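Summary of the model geometry
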Amino acid sequence: MEAFRKIALALTIIGALNWGLQALMGFDVVADLAGGRDTLIARLIYGIIALAGLVSLSYLFRDEPERHQRIEKDEYEWQTRPPAGMMEEK
């Protein structure tokens, strides 16, 4: 599943770069490679990139429980640890 998300993120970045080229230079890479903007191949590529964008949108709403649990554990751990020097060996 992680590989799927990475592929979706890469396609989203490619789509963003394509839009950037379109805005800055008026050059559409997908349309140029597919033989025109209205061809079936171009429409499929645009659709795949749009789906990748939707999948990548989940990163905005993805909760990171591992990170939160680690912080909570670290914050609690300092309260239960004895102060330095209290645990000397005799």
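Here we summarise the structure given alongside this text. None of these values were measured; they are calculated from a predicted model. (Residues numbered from 1 in each chain as written. Predicted model: local features only at pLDDT ≥ 70, side-chain atom pairs only at ≥ 80, totals over all residues. Heavy atoms only, no water.)

Things to note about the side chain of Asn18
As a reminder of what qualifies: Strands are runs of DSSP state E lasting at least two residues, helices are runs of H or I lasting at least four, and both sets are numbered from the N terminus onward. For every residue, the accessible area obtained with a 1.4 Å probe (protein chains only) is divided by the maximum for its type, and the residue is called buried under 20%, exposed over 50%, and partly exposed between those limits. Any two residues having at least one pair of non-hydrogen atoms within 4.5 Å are treated as being in contact.
Inspection of the secondary structure assignment puts Asn18 in helix H1 (residues 2-25). You can call Asn18 buried: its relative accessible area is 9%. Leaving out residues up to four positions away in the same chain, Asn18 has contacts with Phe27, Asp28, Val29, Val30 and Tyr46.

Quick look at the environment of Ile14
Looking at the secondary structure, you find Ile14 in helix H1. In this structure Ile14 comes out as partly exposed when scored by relative accessible area, which is 48%. For the pair formed by Ile14 and Ile49, sequence separation is 35 residues and the distance between their alpha carbons is 8.1 Å.

Side note on the environment of Ile48
Within the element layout of this structure, Ile48 appears in helix H3 (residues 40-57). Along the primary structure Ile48 and Thr12 are separated by 36 residues, whereas in three dimensions their C-alpha atoms are 9.3 Å apart.

A closer look at H1
Inclusion rule: Expected helix span is taken as 1.5 Å per residue step, with the number of steps being one fewer than the number of residues.
For H1, with 24 residues, the first-to-last C-alpha span of 34 Å sits near the 34 Å given by 1.5 Å per residue. Residues Ala8, Gly15 and Asn18 constitute the buried set of H1. Turning to H1, the residues buried within the fold contact helix H2 (29-34) and H3. Positive phi appears at Gly26, one or two residues downstream of H1, with a value of about 70°.

A short note on the environment of Tyr46
Note the following rule: The term polar contact refers here to a pair of N or O atoms within 3.5 Å; inside protein, the definition further demands a hydrogen-donor-capable atom paired with an acceptor-capable atom, and it admits residues adjacent in sequence only when both atoms are side-chain atoms.
Mapping Tyr46 onto the fold places it in helix H3. Among residues more than four places away in sequence, those in contact with Tyr46 are Asn18, Asp28, Val30, Ala31 and Arg37. Within the local environment of Tyr46, its side chain forms a polar contact with the side chain of Asp28, the two groups lying 2.5 Å apart.

Description of the pattern of salt bridges
Using the following cut-off: Salt bridges, as used here, are contacts in which a Lys or Arg side-chain nitrogen is within 4 Å of a carboxyl oxygen on Asp or Glu.
In total, this model carries one salt bridge according to the counting rule given. One salt bridge connects Asp28 with Arg37, and the closest N-O pair in it is separated by 3.7 Å. In this structure Asp28 comes out as buried when scored by relative accessible area, which is 9%. For Arg37, a relative accessible area of 41% puts it in the partly exposed group.

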